[in-house]
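Secondary and tertiary structure notes
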Amino acid sequence: MSTLKTSLKPRKSAVQARSAATVEALHTATLQVLTQQGLIRCTTTRVAERAGMSVGSLYQYYPNRDALLAAILEKHLTTVAETVEWACDRHQGQPVGEMASGLVSALLAVKLQDPAVSKALYAIAAERGGAQLVARINTRMVGAIAGMLATATDAQFEAPSLTAAIALSAIVGPVRTLLEGNASPAFEAGIEQQTTLLLSAYLQAHRVTA
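1. Examining the overall build of the protein chain
Each helix and strand in the protein chain was counted, giving 11 helices and 0 strands. The order of α-helices and β-strands along the protein chain, N terminus first, is α-α-α-α-α-α-α-α-α-α-α. A buried classification covers 39% of the 210 residues belonging to the protein chain. If you take every contact in the protein chain between residues at least 6 apart in sequence, the share linking residues at least 24 apart comes to 72%.

What follows is the structure in structure tokens.
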């Protein structure tokens, strides 16, 4: 295991320590400090103070700030993946139009539920092992989408995994524009409708014709 990966690994799991509530408090406090004061001021001292504990207690679970941030990023992305998997399971065996609508709605809901948190985590995702984590989560989501597409009642896909990867990118692209702060109010207001239209048209290009 590399030094980087070792430094980002929690000292002990919440189950082993029997203190899931403490870990949750640390995660909540970190997000609060990160979104309200920014990355530079998001120190272990401030996080511990916000969580109502000593820095020593924090270090029982995470060796440094970056390990704490990596854990929060992983938790967020895992939630996104689980949401996509839920949406794909729910829309199996439906027309591709319904699949597109359900997938866009679910992914936007989880990514934009708390825009401040998503923006903060997006900003740190390129570091702290984030690139590898994002790649792993994307592979998981592409697999779920491909599995859903294979059950479409009105379309056939010669390369479901490729189609799924492009479909996911079609949704993530507009979300990234929002999180980077490059979206106009009109863009933000119409993102779900327009992204659904975009994805539906792409998937319906594979519809079976009589």
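2. Some details on the side chain of His76
Relative to the assigned elements, His76 resides in helix α6 (residues 65-90). Taking relative accessible area as the criterion, His76 reaches 14% and is therefore assigned buried. Other than its neighbours up to four places away in sequence, His76 contacts Lys111, Ser118 and Leu121.

3. Quick word on the nonpolar core
In terms of nonpolar packing, the biggest core is built from 58 residues, with Val47, Tyr62, Leu103, Leu121, Ile145, Leu149 and Leu199 touching the most fellow members. Considering each element in turn, this core owes the most residues, 11 residues, to α6. When sequence neighbours within four positions are dropped, the list of residues in contact with Leu199 reads Ala100, Leu103, Val104, Ala167 and Ile171.

4. Considerations on helix α9 (residues 130-149)
Helix length check: α9 (20 residues) gives 28 Å between terminal C-alpha atoms against 28 Å at 1.5 Å per residue, within 8%. Buried within α9 we find Gly130, Leu133, Ile137, Met141, Val142, Ala144, Ile145, Ala146, Met148 and Leu149. Residues of α9 that are buried make contact with α6, α7 (96-111), α10 (160-179) and α11 (185-204).

5. A look at the confidence of the model for the protein chain
Here the protein chain averages 89 in pLDDT, while 89% of its residues score no lower than 70. Across residues 1-6, confidence stays below pLDDT 50; counting only partners more than four residues off in sequence or on other chains, it has 1 contact.

6. Regarding the packing of α7 against α10
Two numbers describe how α7 lies on α10: the axes approach to 11 Å, and their chain directions differ by 30°. In terms of axis orientation, α7 runs roughly parallel to α10. Relative to α10, α7 is oriented so that their crossing is right-handed. Only Leu168, Ile171, Val175 and Leu179 of α10 make contact with α7, whose side of the interface consists of Leu103, Val104, Leu107, Leu108 and Lys111. Taken together, the residues that form the contact of α7 with α10 break down as 8 nonpolar, no polar and 1 charged.

7. Remarks on the side chain of Lys111
Within the secondary structure layout, Lys111 lies in helix α7. Of the buried charged residues, Lys111 lacks a salt bridge, with Glu180 as the closest side chain of opposite charge at 11 Å. Within the local environment of Lys111, its side chain forms a polar contact with the side chain of His76, the two groups lying 3.5 Å apart. For Lys111, the residues in contact, after removing those within four places along its chain, are His76, Val80, Ser118, Val175 and Leu179.

8. So, the pattern of salt bridges
Opposite charge on two side chains makes pairing possible when the charged atoms of those side chains draw close. Enumeration over the complete set of coordinates arrives at 5 salt bridges. Residue Asp66 pairs with Arg65 through a salt bridge whose shortest N-O separation is 3.7 Å. When its relative accessible area of 27% is taken as the criterion, Asp66 is described as partly exposed.

Scoring rules and cut-offs
Residue positions within a chain follow its written sequence, with the count starting from 1. Local features in this predicted model are restricted to residues whose pLDDT is 70 or higher, and side-chain atom pairs enter the listing and the counts only when it is 80 or higher, whereas totals over whole chains, interfaces and linings include all residues. Each side-chain value is derived from all of the structure's non-hydrogen atoms; neither hydrogens nor water enter the calculation. Secondary structure is summarised from DSSP: a helix means a run of H or I of at least four residues, a strand means a run of E of at least two, and numbering begins at the N terminus for each. Burial status follows relative accessibility: with a 1.4 Å probe on protein chains alone, a residue under 20% of its type maximum counts as buried, one over 50% as exposed, and anything between as partly exposed. Only heavy atoms enter the contact rule, under which two residues are in contact if any of them lie within 4.5 Å. Residue types Ala, Val, Leu, Ile, Met, Phe, Trp, Tyr and Cys, when buried and joined through side-chain atoms within 4.5 Å, form a set referred to as a nonpolar core. Helices are assigned an expected span. That span is 1.5 Å times one less than the residue count. A residue's pLDDT is simply how confident the predictor is in it, with values from 0 to 100. To obtain each axis, a line is fitted to C-alpha atoms, and for helices this fit is confined to the stretch in contact; angles are then taken between N-to-C directions over 0 to 180 degrees. Geometric relationships in this document are graded by angle, where less than 35 degrees denotes roughly parallel, more than 145 denotes roughly antiparallel, 65 to 115 denotes roughly perpendicular, and other angles denote oblique. The sense of a crossing depends on the near helix, which, turned anticlockwise from the far helix by less than a right angle, makes the crossing left-handed and, turned clockwise, makes it right-handed. Polarity classes work like this: nonpolar for Ala, Val, Leu, Ile, Met, Phe, Trp, Tyr, Cys and Pro, charged for Asp, Glu, Lys and Arg, and polar for all others, with Gly in that last group. Note on charges: Lys and Arg go in the positive column, Asp and Glu in the negative column, and His and the chain ends are not counted at all. Put simply, a salt bridge is a Lys or Arg side-chain nitrogen that is within 4 Å of an Asp or Glu carboxyl oxygen. Here a polar contact is recorded for every N or O atom pair within 3.5 Å, except that within protein the pair must consist of a potential hydrogen donor and a potential acceptor, and residues adjacent in sequence are included only if both atoms are side-chain atoms.

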